[in-house]
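Structural features, examined
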Amino acid sequence: MQNPIRNIHVLLVEDSPADICFIEKAFSKPNSYSHTYSFSITIARTLEEAVKALEENGIDVVLLDLSLSDSAGIETFRKIHNQFPELPVVVLTAALDDSLATGTLKEGAQSYIVKKDVTPACLIRTIFDSIERNKLKIEAEDLTIMGVHELKSPLAVIKESSLQLLEGLHGEISPIQRKMIQMTFDCAQRLEKLVGDLLAVAKIEMGRMTLSLSDVDISELAGKIAEEFRPIISKNKLALKESIPENKILVKADAERISQVIANLLHNALNFTNGGFIEIKVYEKDKFAVVSVTDTGIGIAQSDLAKVFGKFQQFSTHKDRCEKGSGLGLYICKNIVELHGGQISVESIPFKGSAFKFTVPKA
Ligand SMILES: Nc1ncnc2c1ncn2[C@@H]1O[C@H](COP(=O)(O)OP(=O)(O)O)[C@@H](O)[C@H]1O
Ligand SMILES: [Mg+2]
């Protein structure tokens with residue numbers, strides 16, 4: 001019995017009629033795969049049309065010209081890839097040494113082809129190749145995400161058992177035993193935070209961090225997190241100031257991710273402040289809500305300021321030495337804020353203090 005013919009649905013994003021005609025012709029020529037595969041082609045002439053076609057699903061691969069009437073350059077690729085990270089994209093270009101096209105490979109495009117050189121065989125081979133390689137890439141990414149995720153449950157068990165021992169649930173423990181078990185608990189807690197951060201970074205780098213957006217009252221959210229920090233801030237002999245309006249400020253946000261950003265900023269303020277206060281403010285500015293966290297801590301040198309939002313960047317030791325940090329917190333914050341369409345920034349004076357602030361679009 002003959003294998004059924006599998007149809008491959010190609011989205012051709014291209015606005016030049018001559019190029020559309022040329023590529024369509026290449027597909028329609030008989031080729032060595034014709035007996036096992038057929039191709040159906042949807043044409044989108046603008047980025048908007050492309051996104052609409054992709055939302056309707058069923059596309060296997062995108063052939064993408066980067067310069068369209070409503071988007072140009074690498075941005076065209078980014079907009080498609082950010083919204084549909086699991087789809088293979090082949091970039092169409094005019095010249096072989098096009099640095100723009102090779103740049104898209106670094107950001108996740110599967111391949112690129114030079115329009116004027118394209119033959120039916122080369123086009124079809126590139127498409128098969130891209131679909132296959134993309135499948136392998138997604139499998140490897142799933143494995144990484146699942147693997148890191150798997151570390152969470154044994155860590156939770158270590159934490160819970162040591163906590164039970166510390167609480168004396170299984171009999172009395174000697175001072176030296178308490179010290180050892182406390183150390184176990186602290187390390188498990190640190191590892192748990194690190195695993196969470198690594199998972200977030202992996203998702204960011206794979207373009208697979210997703211937001212579940214809803215209307216969130218940022219005044220209430222910030223107030224709640226600040227109150228959760230109040231005991232530990234007091235314990236560190238610092239004052240907590242809150243300047244949060246009574247009224248609701250609704251933003252379009254993923255409440256859990258934005259909580260993570262606020263908690264990270266407060267945590268940093270706590271870690272790098274020896275005396276004085278930490279202040280959290282929420283206010284409105286144009287179409288955005290702004291959240292700021294200011295401290296009277298050790299500050300950051302001017303030369304390091306530009307680097308604080310980078311990966312694995314650390315410029316000073318944490319106050320609490322057993323909590324070393326990973327240098328990933330602010331990198332994650334920046335990515336979460338930007339995914340929401342906001343911006344994060346910092347101002348700081350060494351030995352005076354730092355002020356971090358970020359914006360989130362209002363609902
Ligand atoms: N409020 C702050 N005051 C002073 N330095 C800070 C503050 N927040 C961040 N930093 C500096 O930026 C670095 C990166 O912060 P972050 O990404 O949160 O990593 P981590 O807290 O794990 O070290 C810190 O190690 C520290 O040097
Ligand atoms: Mg941190």
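Everything here concerns the structure above.
Now for a description of the structure that goes with this document. (Residues numbered from 1 in each chain as written. Chains lettered and ligands numbered in written order. Predicted model: local features only at pLDDT ≥ 70, side-chain atom pairs only at ≥ 80, totals over all residues. Heavy atoms only, no water.)

Remarks on the overall build of the protein
Basically, it comes down to this: For helices the rule is a DSSP run of H or I covering at least 4 residues; for strands it is a run of E covering at least 2, with both sets numbered from the N terminus onward. Computation of the radius of gyration draws on C-alpha atoms alone. For the globule rule, the value is 2.2 Å times the number of residues to the power 0.38. Between buried and exposed lies partly exposed: a residue is buried under 20% and exposed over 50% of the maximum accessible area for its type, with that area taken using a 1.4 Å probe on protein chains only. We call two residues in contact whenever any of their non-hydrogen atoms come within 4.5 Å of each other. For every accessible area listed, the method is Shrake-Rupley and the probe measures 1.4 Å; residues are considered covered only by the protein chains on display.
Of regular secondary structure, the protein possesses 11 helices and 12 strands. Against the 2.2 N^0.38 benchmark of 21 Å for 363 residues, the protein shows a C-alpha radius of gyration of 26 Å, more extended than a compact globule. Reported as C-alpha extents along the three principal axes, the dimensions of the protein are approximately 80 × 50 × 40 Å. Residues classed as buried in the protein amount to 42% of the 363 residues present. Considering only contacts within the protein whose residues lie at least 6 apart along the sequence, 71% involve residues at least 24 apart. Carbon and sulfur atoms make up 56% of the accessible area of the protein, which amounts to about 19,700 Å² in all.

Remarks on the site of ligand 1
Condition: Think of it this way: one heavy atom of a residue within 4 Å of a molecule or strand is enough to make that residue near it. Nitrogen and oxygen atoms within 3.5 Å of one another constitute a polar contact, given that in protein one can donate a hydrogen and the other can accept it, and given that sequence-neighbouring residues count only through two side-chain atoms. Classification convention: Asp, Glu, Lys, Arg as charged; Ala, Val, Leu, Ile, Met, Phe, Trp, Tyr, Cys, Pro as nonpolar; all other residues, Gly among them, as polar.
Residues in contact with ligand 1 amount to 20 residues; listed here are only the nearest, N268, Q314, S326, G327 and L330. Here L330 contributes a backbone N or O atom positioned 2.8 Å from an oxygen atom of ligand 1. Within the side chain of S354, an N or O atom sits 3.4 Å from a nitrogen atom of ligand 1. In isolation ligand 1 exposes 530 Å². Once the protein is present, 98% of that is buried. For the shell around ligand 1, the secondary-structure elements that each account for two or more residues are α9 (255–271), α11 (329–339) and β12 (353–361). Its residues placed into classes, the shell around ligand 1 shows eight nonpolar, 11 polar and one charged.

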